[in-house]
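Fold and geometry: a report
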Amino acid sequence: MKYIEEASTKLHEKKMQLVTAESCTGGWVAKVITDLPGSSRIFDRGFVTYSNKAKQEMLDVSKSTLEAYGAVSEQVVAEMAEGALKNSDADISLSISGVAGPGGGTAEKPVGMVCFGWAKRQEETKTDTVYFDGDRDLIRQQAVEFALKGIIKIIKGE
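The paragraphs below set out a description of the structure included in this document. (Residues numbered from 1 in each chain as written. Predicted model: local features only at pLDDT ≥ 70, side-chain atom pairs only at ≥ 80, totals over all residues. Heavy atoms only, no water.)

Take the pairing of strand β1 (residues 18–22) next. Counting buried positions along β1 gives five out of five residues, so the element sits mostly inside the fold. Of the two faces of β1, both are covered, the one formed by Leu18, Thr20 and Glu22 as well as the one formed by Val19 and Ala21. Crossover handedness for the path β1 to helix α2 (residues 28–34) to strand β2 (residues 43–48): right-handed. (Buried < 20%, exposed > 50% of the residue type's maximum accessible area, 1.4 Å probe, protein only. Helix = DSSP H or I, 4+ residues; strand = E, 2+ residues; numbered from the N terminus. Right-handed = clockwise from strand over helix to strand, strands pointing away.)

Looking at the secondary structure, you find Ser39 in the loop between α2 and β2. The class for Ser39 is buried, based on a relative accessible area of 10%. Once residues lying within four places of it in the same chain are set aside, the contact partners of Ser39 are Ile33 and Thr34. (Contact = heavy atoms within 4.5 Å.)

The next point concerns the packing of aromatic side chains. In total, this model carries five aromatic pairs according to the counting rule given. Measuring from ring centre to ring centre gives 5.8 Å for Phe116 and Trp118, while their planes differ by 5°; the resulting arrangement is stacked. When sorted by exposure, Phe116 lands in the same class as Trp118, which is buried. A residue is classified by how much of its surface remains accessible, and Phe116, at 0% relative accessible area, is buried. Site record: aromatic cluster; members linked through ring pairs are Phe116, Trp118, Phe132 and Phe146. (Phe/Tyr/Trp six-rings, centres within 6.5 Å; stacked < 30°, edge-to-face > 60°.)

Note that all results are geometric; they support no functional claim without further evidence.
Dropping the structure here:
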């Protein structure tokens, strides 16, 4: 998978550990990282918070944020990324929430819309929204790759 080796190398070089908070990708980022030998040095834990209740209980996402913006929003992924850091020993986090399809999309939040959050201790949380094309698996795969690319950028200070 694209970017996994580079993300792993960068985390290892900086002696950083990652925590993930995943919704639509269902733990796929955690899986590809833990597929690598020695991943225990760079991976603290992963949260798969598919339901809003899980986001609230495990990541401290506020009910009011979920109600105001919906689970697929930059506001929610920011809280997910910050909550993952708060509830782990990691140095850096990534969060993902999106509409992978084939159903569930709306005019405002179509299938393929995925929101990302990245948080690093003592730094401002970054978010982004991307619209991917393809079926469910392809959308999720592209989301994993984009998330890993974002980790590399955060580590580099970009």
